[in-house]
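Understanding the architecture of this molecule
So the chains spell out like this:
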Amino acid sequence: MTQVCIAAYVYGVVQGVGFRYSTQRQAEALGVTGYARNLDDGSVQVVACGTQAQVDTLVAWLKQGGPRSARVERVLVEPQGVVDYAGFGIRY
């Protein structure tokens, strides 16, 4: 199975609402590796690697709004070079 990696930038009310932790749980359930981190502009960056289906499922979840307290306005997705991450982490 071919691995793909993407970087997703999630905009809206996504900091201070448990978004990174919910994303980590969702990614781990899907078998996706990578990380989530807050950016200075108030958005969250999610780097996700896995099969195309796994990554597409995570991106769809991000677009649906993540945790209940979050308010996602838009998600921008860019392809990334494949990196072999050990699990899915949260970066600070």
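An unreviewed UniProt entry annotates the protein as Acylphosphatase of Serratia nevei. Its UniProt record gives the protein the following Sequence similarities (unreviewed entry) comment, quoted word for word: "Belongs to the acylphosphatase family." The annotation that UniProt attaches to the protein under Catalytic activity (unreviewed entry) is "an acyl phosphate + H2O = a carboxylate + phosphate + H(+)".

So, about the state of the cysteines. Applying the stated criterion across every chain yields a total of one disulfide. Two residues, Cys-5 and Cys-49, share a disulfide whose sulfurs are 1.9 Å apart. Measuring handedness by torsion sign, the sulfur bridge of Cys-5 and Cys-49 sits at about 115° and is right-handed. With Cys-5 in strand β1 (residues 4-13) and Cys-49 in strand β3 (residues 44-50), this residue pair connects regions lying 44 residues apart in the sequence.

Okay, the pairing of β1 next. By the criterion of burial, β1 is predominantly enclosed, with eight of the ten residues buried. Relative to β3, β1 runs antiparallel, the two sharing seven bridges. When the sheet's bridge partners are listed, Ala-7 is paired in β3 with Val-47. Strand direction decides the pairing type here: β1 and strand β4 (residues 71-80), joined by nine bridges, are antiparallel. Looking at the pairing, Cys-5 lines up with Gln-80 of β4.

Moving on: helix α1 (residues 19-30). In an α-helix there are 3.6 residues to a turn, and that puts residues three or four apart on one side. With twelve residues, α1 should reach 16 Å at 1.5 Å per residue; the first-to-last C-alpha distance of 16 Å fits that figure. Residues Phe-19, Arg-20, Ser-22, Thr-23, Gln-24 and Ala-27 constitute the buried set of α1. Residues of α1 that are buried in the fold lie against β1, β2 (33-38), β3, α2 (52-63), β4 and β5 (88-91). Taken from the residues just after α1, Gly-31 is the one with a positive phi, measuring 80°.

What follows concerns the UniProt feature "active site" (unreviewed entry) in the protein. UniProt records the feature "active site" (unreviewed entry) at Arg-20 and Asn-38, using the numbering of this structure. In sequence the annotated residues extend across 19 residues, while in space they remain close, none of their C-alpha pairs exceeding 7.9 Å. Secondary-structure assignment places Arg-20 in helix α1. Residue Arg-20 is classed as buried on the basis of its relative accessible area, which comes to 13%. Apart from residues no more than four positions distant in its own chain, Arg-20 is found in contact with Ala-36, Arg-37, Asn-38, Val-44, Ile-90, Arg-91 and Tyr-92. With respect to the helices, strands and loops of the structure, Asn-38 is situated in strand β2.

Rules of the game
- Residues numbered from 1 in each chain as written.
- Predicted model: local features only at pLDDT ≥ 70, side-chain atom pairs only at ≥ 80, totals over all residues.
- Heavy atoms only, no water.
- UniProt positions renumbered as here; feature names shortened; annotations may be inferred.
- Disulfide = S-S within 2.5 Å.
- Helix = DSSP H or I, 4+ residues; strand = E, 2+ residues; numbered from the N terminus.
- Buried < 20%, exposed > 50% of the residue type's maximum accessible area, 1.4 Å probe, protein only.
- Pairing = 2+ DSSP bridges.
- Expected span 1.5 Å × (residues − 1).
- Contact = heavy atoms within 4.5 Å.

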